[in-house]
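Chain by chain, the residues run as shown.
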Amino acid sequence: MENKVNRELPDNLMSEMNLKPFTSATIGNPEVQRVAPKVRVTAGEDKVVDSLDDVIKNNLKDGMTISFHHHFRNGDFAFNKVMDKIINMGYKDLTLAPSSLTGVMNDKVIEAIKKGVITNIVSSGMRGSLGDFISHGGLKNPVIFRSHGNRARAIEEGDIKIDIAFLGVPVSDPAGNANGQDGDAVFGSLGYALIDAQYADKVVLLTDNIVEYPNTPASIKQDQVDYVVKVDKIGDPDKIGSGATRFTKDPKELKIAQMVNQVIINSPYYKQGFSFQTGSGGAALAVTRYLRQSMLDDGITASFALGGITKPTTDLLAEGLVKKIMDVQDFDKGAAASMAQNKDQQEIDASWYADPHNKGAVVNNLDVAILSALQIDTDFNVNVMTGSDGVIRGAIGGHQDAANAKMTIITAPLVRGRNATVVPSVETVVTPGDSIDVLVTERGIAINPKRQDLIAAFGKVPGLQILDIKELQKMAEGQVGIPKPLEYTDRTVALVEYRDGSIIDTIKQVKD
Amino acid sequence: MEIKTIGVAGTLESSDIQIMISKGNDGIQIDLDSEVIKAYGDQIKKVITDTLEKFGISNAKVKATDKGALDCVIAARTLAAAQRATETTDKPELEVLQ
């Protein structure tokens, strides 16, 4: 069958797994039923244990689903510590359901797959050797990729049933009151892990820092926690986030950032109390700097900034240019440290952030989102998942979710090396073109034809070159030439869900 | 054109290509390493072969390490390596690039 973004979906898999094809980016008002976790009642018993082995042995069974969060990013010690033990204890047929997978986890996941310990994976994304392994058919069952908001939905509705969540935290008290803001390995917001803590049958905290009861602020609360495992070191603070965020000197990125700022400040959304989300890429960070100057010049302040947060954004909060930060994760040390210091930097969980099936997520209140792309096609569909070689090397993250903003801007250079970024058809559709309003490249901007209002608004801005997206595609092709189409086998190695759980695209095994 | 020595041109920087040309006796043999080999491997080999033939080399071993170079860069690096290999750098044959 073909879905609404013209992607052919494998019929057998769709019916076997009872999947629905993507039809629309509009969610509507469906009634959904949530599930609840099983609770083993404890009252006053000592939750602090030294032996992770015992916790695993007494709770984990073959075929179960285990989860982790990725807030420690490449400074994560929790994942490999737990997986090592699970592998050595000879477990089989587990489903791995982390909020995402970072590079430091890759080798351990591959080892677990090869030994039959992990037979299913659901994640936001994957990169490096693991992406390569999966794209070459390393795992029998297709991986399911979900956005952060969709993962929250899937957990709430029981599509993902977490048996045990292993959650590393930089601080906890003996009862399990924990946050991401104190200790050696701070990462700030615990946003993605909060869903696991709420919905997993068993919640196991791992920490190197047990403090006196009660520990506040309590992001994860004692009523959710079964065990607190003391470990030597939970993470490497130097690898959790980039240190000081540097301002890009790349002229291409600076030009794109200036144009993005022009787009924002000439849009109907740029007014007192507007809101925005930026990513962590070079151009996105530079946008924050240009936007700051415009806001100072125009006497405009933002009601909130959303998303993955970086120091340039927390600086705006400290300056009073942004009134609140709604913070689901922090990308650097500065942003993480700021959360502990500024009460206006509100920690939000993944459901509050972006869940399509709740009573209103923050992304629905968002005016402007600035997002990146590996590829964007002439229908404005965006790929952030597979490289130009067809290999998995990315993550949906909050891309589909933030694209709910009233104006979603994609920033991308026209070409990267010899790969065109603006293409006739993306390798993998992740975010449907229907959600995308403006593409900004260093050669000019393209506006989704359904946004005639923006075409009219930006047409009057001097120096803002507006082109048809097909012209940008031809320009890119003129520079790099026409690539030979990639070859894939018939085997599906991954399914890409849209926010509502429908299938927006599939990823096939690459042919070598 | 006779190859007298090993000629090298180009760097391993992003968007460049490094070409090394040495003596061969079985046509133009290209050993290509590229990040975009699936999409552009054939095209890169064609540009190298065409450039060498236009320059007058029909037998050579070529080692090419590509970092996403555009065709114009590939041709220029190939010509530079060929002129160094044939020890003819005193007479740049720029019309080969036309």
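Further up the page is the structure itself.
We now turn to the structure provided with this report. (Residues numbered from 1 in each chain as written. Chains lettered and ligands numbered in written order. Predicted model: local features only at pLDDT ≥ 70, side-chain atom pairs only at ≥ 80, totals over all residues.)

### Let's talk about the sheet that holds strand β16 (residues 368-372) of chain A
All names here are of chain A.
Link 1 in the chain: Read from one edge to the other, the open sheet built from eight strands follows the order β15-β14-β13-β12-β16-β20-β24-β25, with strand pairing classed as mixed. The open sheet terminates on both sides in strands that have one partner only, identified here as β15 (345-347) and β25 (444-447). Averaged over neighbouring strand pairs, the angle between their axes works out to 20° when direction is ignored.
Link 2 in the chain: Where strand β12 (residues 274-278) lies against β16, three bridges are found, and the strand directions are parallel. Bridging across to β16, Thr278 finds its partner in Ile370.
Link 3 in the chain: Sheet strands touched by helix α10 (residues 282-298): β12, β16 and β20 (407-411). Its angle to β12, the strand with the most contacts, is close to 150°. (Pairing = 2+ DSSP bridges. Helix = DSSP H or I, 4+ residues; strand = E, 2+ residues; numbered from the N terminus. Axes fitted to C-alpha atoms, helices over the stretch in contact; angles between N-to-C directions. Contact = placed C-beta atoms within 7 Å.)

### Section: the sheet that holds strand β3 (residues 28-34) of chain B
Residues and elements named next belong to chain B.
Link 1 in the chain: Reading across the sheet, the four strands line up as β1-β2-β4-β3 and stay open at both edges, with mixed pairing between neighbours. Across the chains shown, the open sheet's two edge strands, defined by having one partner strand only, are β1 (7-9) and β3. Across the sheet, the mean angle separating the axes of adjacent strands is 10° when strand polarity is ignored.
Link 2 in the chain: Packing of helix α1 (residues 37-55) onto the sheet brings it into contact with β3 and β4 (60-66), and relative to β3 it is tilted by some 145°.
Link 3 in the chain: The strands that helix α2 (residues 71-85) touches are β1 and β2 (17-22); relative to β2, the one it contacts most, it runs at about 30°.

### Quick word on the environment of A:Gly28
Link 1 in the chain: Residue placement: A:Gly28 occurs in the loop between α1 (11-16) and β1 (48-49).
Link 2 in the chain: According to the C-beta neighbour criterion, A:Gly28 is exposed, with 7 such atoms within 10 Å. (Buried ≥ 20, exposed ≤ 12 C-beta atoms within 10 Å, placed from the backbone.)

### Some remarks on the packing of helix α3 (residues 78-88) of chain A against helix α4 (residues 106-114) of chain A
Residues and elements named next belong to chain A.
Link 1 in the chain: Contact pair α3 / α4: the axes reach a minimum separation of 10 Å and the direction vectors enclose 15°. With respect to α4, the element α3 is oriented roughly parallel. At the point where α3 passes α4, the crossing takes the left-handed sense. Mapping the contact onto sequence places Phe79, Asn80, Met83, Asp84 and Ile87 in α3 and Lys108, Glu111 and Ala112 in α4.
Link 2 in the chain: Its residues placed into classes, the contact of α3 with α4 shows four nonpolar, one polar and three charged. (Parallel < 35°, antiparallel > 145°, perpendicular 65-115°, else oblique. Left-handed = near helix turned anticlockwise from the far one by under 90°. Nonpolar A, V, L, I, M, F, W, Y, C, P; charged D, E, K, R; others polar.)

### Considerations on the nonpolar core
Link 1 in the chain: Formed by 163 residues in total, the largest nonpolar core has its most connected members in A:Val204 and A:Leu205.
Link 2 in the chain: The element that contributes the greatest number of residues to this core is α10(A), accounting for seven residues.
Link 3 in the chain: Here A:Leu205 is in contact with A:Leu167, A:Val169, A:Ser172, A:Gly176, A:Ala178, A:Ile220, A:Val225, A:Tyr227, A:Val228 and A:Val229, once residues within four sequence places are set aside.
Link 4 in the chain: Judged by nonpolar contacts, the second largest core, of 23 residues, contains B:Ile44, B:Val62, B:Ala75 and B:Ala76. (Core = buried A, V, L, I, M, F, W, Y, C linked by C-beta atoms within 7 Å.)

### A word on the interface of chain B and chain A
Link 1 in the chain: Taken together, the contact pairs 13 residues of chain B with 11 residues of chain A.
Link 2 in the chain: Take the side of chain B that touches chain A: its biggest share by element is five residues, from α1(B).
Link 3 in the chain: For the side of chain B that touches chain A, the per-class residue count stands at five nonpolar, four polar and four charged.

### Quick notes on the packing of α4(A) against helix α5 (residues 128-135) of chain A
All names here are of chain A.
Link 1 in the chain: Here α4 crosses α5 at 30°, and the two axes come no closer than 7 Å. For the element pair α4 / α5, the angle class is roughly parallel. Note that α4 runs across α5; the crossing there is left-handed. Every residue of α5 that contacts α4 at Asn106, Asp107, Val109 and Ile110 is listed here: Gly128, Ser129, Leu130 and Phe133.
Link 2 in the chain: Its residues assigned to classes, the contact of α4 with α5 shows four nonpolar, three polar and one charged.

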